[in-house]
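This is what each chain is made of:
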Amino acid sequence: MRSLVYSVMIVSAATLALSVITKYTYGLTTKPGMVAGIGPTGYLTITVVLLLIGANLALLELLKKK
């Protein structure tokens, strides 16, 4: 379970980095500020959802210990 929480946190950090990259890329893709057809707002939404899932998994792990 702990490795799942860590992997979710790593993926959310990667999506946060992609959000920053899409925010500051201009003219490298077909539409400015888009990577793989998703803009920075989409990556930030994915980051928040992944962080919520990771927090819930961590809380479940803490509750299992008691």
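Residues numbered from 1 in each chain as written. Predicted model: local features only at pLDDT ≥ 70, side-chain atom pairs only at ≥ 80, totals over all residues. Heavy atoms only, no water.

Asks: Quick question: what am I supposed to make of the overall build of the protein here?
Replies: Secondary structure assignment for the protein yields two helices and zero strands. Put simply, of all contacts in the protein between residues at least 6 apart along the chain, 60% involve residues at least 24 apart. Looking at the protein as shown, the accessible area adds up to about 4,800 Å², and 75% of this sits on carbon and sulfur atoms. (Helix = DSSP H or I, 4+ residues; strand = E, 2+ residues; numbered from the N terminus. Contact = heavy atoms within 4.5 Å. Areas by Shrake-Rupley, 256 points an atom, 1.4 Å probe, with all protein chains shown as cover.)

Asks: Would you mind showing me how to read the environment of Thr 41 here?
Replies: Inspection of the secondary structure assignment puts Thr 41 in helix α2 (residues 40–65). Thr 41 gets classed as exposed once you look at its relative accessible area, which sits at 60%. Sequence separation between Thr 41 and Lys 23 is 18 residues, and the spatial gap between their C-alpha atoms is 8.9 Å. (Buried < 20%, exposed > 50% of the residue type's maximum accessible area, 1.4 Å probe, protein only.)

Asks: Looking at this model, I keep getting lost on the packing of helix α1 (residues 2–24) against α2. Mind explaining?
Replies: α2 packs onto α1 with a crossing angle of 165° between their chain directions and a minimal axis gap of 8 Å. Taken together, the axes of α1 and α2 are roughly antiparallel relative to one another. Our pair here, α1 against α2, has a crossing hand that is left-handed. Per-class residue counts for the contact of α1 with α2 are 16 nonpolar, six polar and four charged. (Axes fitted to C-alpha atoms, helices over the stretch in contact; angles between N-to-C directions. Parallel < 35°, antiparallel > 145°, perpendicular 65-115°, else oblique. Left-handed = near helix turned anticlockwise from the far one by under 90°. Nonpolar A, V, L, I, M, F, W, Y, C, P; charged D, E, K, R; others polar.)

Asks: Looking at this model, I keep getting lost on the pattern of salt bridges. Mind explaining?
Replies: Where charged atoms from two side chains of opposite charge approach closely, those side chains can pair. As enumerated under the stated definition, the model contains one salt bridge in all. With its nearest N and O atoms 3.4 Å apart, the salt bridge here joins Arg 2 to Glu 61. With Arg 2 in helix α1 and Glu 61 in helix α2, this residue pair connects regions lying 59 residues apart in the sequence. Classification of Arg 2 by relative accessible area gives partly exposed; the value is 45%. Assessed through its relative accessible area of 16%, Glu 61 is described here as buried. (Salt bridge = Lys/Arg side-chain N within 4 Å of Asp/Glu carboxyl O.)

Asks: Can you help me understand α2 in this one?
Replies: Note on helix geometry: an α-helix contains 3.6 residues per turn, so any two residues three or four positions apart are oriented the same way. Here α2 spans 38 Å end to end across 26 residues, near enough to the 38 Å set by a 1.5 Å rise per residue. Every buried residue of α2 is listed here: Tyr 43, Thr 47, Leu 50, Gly 54, Leu 57 and Glu 61. Where α2 is buried, its residues touch α1. (Expected span 1.5 Å × (residues − 1).)

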